[in-house]
Amino acid sequence: MNLFIPIVTEDKQHKNFVSIMEFSKEADRFELLRWANDFPDRDNKFVKEFQTTFNSSFWEIYLHALFKELNFKMDWSYPSPDFLLEYQTKKIVVEATIAAAALGKTPEWERDIIEGSPARFTKMNIESIVRLSNSIASKYKKYKNTYSKLSHVNSNPFVLAVAPFEQPYFNLQLDIPIMALLYDFYVDEDAYNDNPHLYPNGPPKVSLGSVEKDNGSKVKLGLFEDTSHSDISAIILSTTATWGKVEAMSSAAHQRYISTVWWSEEEHKPILKLSTSDNNSEKIQDGLYVFHNPFASNPVGPDMFRHEGITQVFIDPKNKKITKEINSLFLMHRQTINILTK
């Protein structure tokens with residue numbers, strides 16, 4: 001499967017595909033092909049989708065590389081859902097989806113370089129919550145109507161793997177929108193930034209109950225606080241599984257500076273690291289979250305994702321206490337800077 005031989009005309013190619021086809025990104029393309037090695041094109045349209053819609057296909061390639069790195073066996077005998085994993089003789093079903101920009105909203109690739117990243121986060125976080133909610137609801141409906149009737153699905157844990165690509169600077173959201181959506185646990189960064197003296201222990205954690213869409217309808221928060229979504233065992237999410245991860249892991253011939261921010265649970269603070277393309281050690285699983293559903297009909301054992309670089313999130317349904325299991329340093333942000341010479 002050659003992802004980079006164009007099979008559609010330029011006017012139909014996705015902006016991100018056009019970008020990665022630049023000559024200077026040859027080593028990065030090679031790295032992505034390494035991720036995609038042995039990934040089957042089961043419906044013979046994956047390459048076209050990669051070139052025309054990009055993000056959803058890129059996310060599937062990332063997941064494939066992730067599962068290989070974690071030594072999960074993948075069964076490709078069935079046309080759907082996206083992945084059927086085997087871990088210690090147990091079968092786990094994984095369906096991939098993305099949160100995309102709403103119709104008429106600014107797509108993720110149109111960043112205003114001059115204006116820069118947003119100084120306030122509430123509006124951005126609410127947009128993320130709404131778009132994540134739509135994606136999860138759509139796939140849960142698909143599970144109820146279709147997947148649950150498949151013999152290889154209905155008796156096994158069902159995991160949704162969601163990637164946020166819904167707006168510019170989506171990579172800044174970390175787990176704040178998804179924690180609000182799943183557990184009704186919102187970290188109010190704007191309140192802290194406005195009056196830091198009022199919050200000596202950091203940004204306040206609040207229960208919002210719901211958020212409002214542009215059309216005035218409400219999105220109920222706390223999907224994992226009752227049995228309403230018990231068929232979803234867990235949700236996987238990453239805000240660092242972007243083209244920047246490809247760049248960070250590739251062996252580019254030109255000089256590349258990589259700035260990363262890692263959360264240290266031992267020091268209980270973020271740590272800044274600066275590296276170059278020849279000494280960067282980022283791994284495929286760095287920056288991955290796994291959010292467990294305490295009401296899951298078929299829960300996923302935490303041992304499955306107990307690897308360095310992965311954070312697992314649990315909630316006690318009785319007292320609503322949230323626990324984060326962070327293994328080693330956790331990747332929060334990354335920025336790559338390419339130094340090109342003639």
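Reading the values: rules and limits
Residues numbered from 1 in each chain as written. Predicted model: local features only at pLDDT ≥ 70, side-chain atom pairs only at ≥ 80, totals over all residues. Heavy atoms only, no water. Pairing = 2+ DSSP bridges. Helix = DSSP H or I, 4+ residues; strand = E, 2+ residues; numbered from the N terminus. Contact = heavy atoms within 4.5 Å. Axes fitted to C-alpha atoms, helices over the stretch in contact; angles between N-to-C directions. Buried < 20%, exposed > 50% of the residue type's maximum accessible area, 1.4 Å probe, protein only. Patch = residues over 30% accessible without salt bridge, like charges linked within 9 Å, V, L, I, M, F, W, Y side chains within 5 Å. Areas by Shrake-Rupley, 256 points an atom, 1.4 Å probe, with all protein chains shown as cover. Salt bridge = Lys/Arg side-chain N within 4 Å of Asp/Glu carboxyl O. Parallel < 35°, antiparallel > 145°, perpendicular 65-115°, else oblique. Left-handed = near helix turned anticlockwise from the far one by under 90°. Nonpolar A, V, L, I, M, F, W, Y, C, P; charged D, E, K, R; others polar.

> What should I look at first to understand the sheet that holds strand β3 (residues 90-100) in this one?
Two strands in a sheet stick together by hydrogen bonds in their backbones, pointing the same way (parallel) or opposite ways (antiparallel). Taken in spatial order, the eight strands line up as β1-β2-β3-β4-β9-β12-β13-β14 in an open sheet, and their pairing is mixed. Two strands bound the open sheet, and with one partner strand each, they are β1 (73-74) and β14 (322-326). Examined bridge by bridge, β3 and strand β4 (residues 158-165) share eight bridges and lie parallel to one another. Looking at β4, one finds that I98 is bridged to A163. Contacts from helix α5 (residues 122-145) reach β3, β4 and β9 (234-238) within the one sheet, and its direction differs from that of β3 by about 140 degrees. The sheet strands contacting helix α6 (residues 176-183) are β9, β12 (288-292), β13 (310-315) and β14, and the helix crosses β12 at an angle near 10 degrees.

> What is the right way to look at the sheet that holds strand β10 (residues 255-264) in this model?
As summarised here, the arrangement of the three strands in space is β11-β10-β15, forming an open sheet in which the pairing is antiparallel. Both outer strands of the open sheet, β11 (269-276) and β15 (330-339), are each paired with one neighbouring strand and no more. Averaged over all pairs of adjacent strands, the angle between their axes in this sheet comes to 15 degrees, without regard to strand direction. Two strands pair when backbone bridges link them, and β10 and β15 are joined in this way by nine bridges, in the antiparallel orientation. Bridge assignment links W263 to a residue of β15, and that residue is F330.

> I tried to follow α6 on my own but got confused; where do I start?
Helical geometry note: an α-helix holds 3.6 residues per turn, so side chains three or four residues apart project in the same direction. Counting buried positions along α6 yields eight of eight residues, so the element is predominantly enclosed. Along α6, the residues that are buried comprise I176, P177, I178, M179, A180, L181, L182 and Y183.

> Which parts of the structure should I look at to understand the side chain of T276?
In this structure, T276 sits in strand β11. Sequence-distant contacts of T276, defined by excluding residues within four places in its chain, comprise Q255, R256, Y257 and I258.

> Explanation requested: a nonpolar patch on the surface in the structure shown.
A contiguous nonpolar patch, built from Y257, I337 and I339 and spanning about 270 Å² of accessible area, is present on the exposed surface. In this fold, I339 is placed in strand β15.

> Looking at this model, I keep getting lost on the packing of α5 against α6. Mind explaining?
Where α5 contacts α6, the axes come no closer than 9 Å and their chain directions differ by 55 degrees. With respect to their mutual orientation, α5 and α6 come out oblique. The interaxial crossing formed by α5 with α6 has right-handed handedness. Seen from α5, the contacting residues are N125, S128, I129, L132, S133 and I136; seen from α6, they are I176, P177, I178, A180 and L181. Residue classes in the contact of α5 with α6 are distributed as eight nonpolar, three polar and no charged.

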